[in-house]
Amino acid sequence: MSGHLHLRQICLVAPQLEPVVSDIAAIMGLEVCYRDPHVDKYGLENALLPVDTILLEVVAPTREGTAAGRFLEKTDGRGGYMAIFACDDPDARGARANALGVRTANVIDHPPYHGVQLHPRDCRAAFIELNHTTGSDDVLGPYPPAGPDWQRAIRKDVTQALTEIELQSPDPAELAAHWGKILEIAPTIDADQAPILELPNCRIRFVAGVAEIMSGLTFRVTDVAQVCVSARARGYAVSGGSFLIAGVAFALTT
C-alpha cells in the first residue's frame, strides 16, 4: 500500500461525545479502540472506532474557541470535519497542494507519525490530512492516532466496511476536479453519472447540494434492516436505509 493513497480515518464533530459515540457503537456494532489524551491541548476530547481498517473518529470541544467548535457554529452542526489519508510522502503531497493554492494549516510531527493538514477553506467541504507512519505500510500496521492496539477492536459482525464518503457542492464536478488535483486522482463517473474519486479502499462521491460539506458516509453491513431497527431504537429517524448522526448521513448497503 505504500505508494497508494488510501483512506485512513474520518473525523466527525459533535457538540458532546455522548450519546453520539455510544449510539454509533451500539447501532453499527463497533467498538471504541482509543481515546487520545493528546487532543486535550486543542480543547477537544475524542473517541476512535475502527470500521475494518478505517478509523471513524468523533471529536467534541471541551472549551470555547476551538476550531471544532467554530466548525459546528459555522455549519450549524452539519457535515463531517476531516478526511484523513495515508500515503508515502505527506510533505511532497502537501507541497504540491500548496502549489495549487491550498495552504497547509497544521503539521503534526510525532515520530513515527507525520501528518500534514491542509486548510479547510482551501480544500472546501472538509479538512484534508495526509499522513504517514514510518514502518507501517500495511493497513493493519501501527497507527499512533488510534492507540497502541487498535486492531483488537475491529468488529465485523454488523458493519463490514466504510465504502464511500459523500461530499456535497453546488457544482459537484468542479469540487471533484479540485479534490482530484489535491489527492492526485483523476475523477471518473459512476453509474448514476456522479463524479467520483476511486481509492484502493473507498470512493469519494460528489453530489449536488446547497453548501459544500462532507454530507454522508456509506457503510456495508450484514443486515440493513437490523441496523435500521437499532438506529430507531436509539431515537434516530431512518429513511431509505439512512439516518443522520453527528451531522452526517450514515447510509447502509449490503
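Rules behind the numbers
- Residues numbered from 1 in each chain as written.
- Predicted model: local features only at pLDDT ≥ 70, side-chain atom pairs only at ≥ 80, totals over all residues.
- Heavy atoms only, no water.
- Pairing = 2+ DSSP bridges.
- Helix = DSSP H or I, 4+ residues; strand = E, 2+ residues; numbered from the N terminus.
- Phe/Tyr/Trp six-rings, centres within 6.5 Å; stacked < 30°, edge-to-face > 60°.
- Buried < 20%, exposed > 50% of the residue type's maximum accessible area, 1.4 Å probe, protein only.
- Lys NZ or Arg CZ within 6 Å of the ring centre and 35° of its normal.
- Core = buried A, V, L, I, M, F, W, Y, C linked by side-chain atoms within 4.5 Å.
- Contact = heavy atoms within 4.5 Å.

(A) Inspection of the pairing of strand S5 (residues 104–110) at higher detail. Note: S5 against strand S6 (residues 113–118), 6 bridges, orientation antiparallel. Each residue of the ladder has a partner; that of Ile 108, found in S6, is Gly 115. Where S5 folds back onto S6 in an antiparallel hairpin, the turn is made up of 2 residues.

(B) Expanded view of the packing of aromatic side chains. This structure, assessed with the given rule, holds 6 aromatic pairs. For the ring pair Phe 219 and Phe 250, a centre distance of 4.8 Å and an interplane angle of 35° mean the geometry is tilted. With Phe 219 in strand S12 (residues 213–221) and Phe 250 in strand S14 (residues 248–253), this residue pair connects regions lying 31 residues apart in the sequence. For the pair Phe 219 and Phe 250, one class covers both residues: buried. Judged by centre distance (5.8 Å) and plane angle (55°), the rings of Tyr 236 and Phe 243 are tilted. In this arrangement the basic side chain of Arg 8 is found over the ring face of Tyr 143, its NZ or CZ atom lying 4.6 Å from the centre.

(C) Inspection of the nonpolar core at higher detail. The biggest cluster of nonpolar side chains holds 61 residues, and the ones touching the most others in it are Met 28, Phe 85, Trp 179, Leu 217 and Phe 250. For Met 28, the contacting residues outside a window of four places in its chain are Asp 23, Val 158, Thr 159, Phe 219, Val 221, Val 227, Phe 243, Phe 250 and Leu 252. Counting 23 residues, the second largest nonpolar core, distinct from the first, contains Val 13, Ile 84, Ile 108 and Ala 153.

Note that every value here comes from positions in space, so none of it alone points to a role or purpose.
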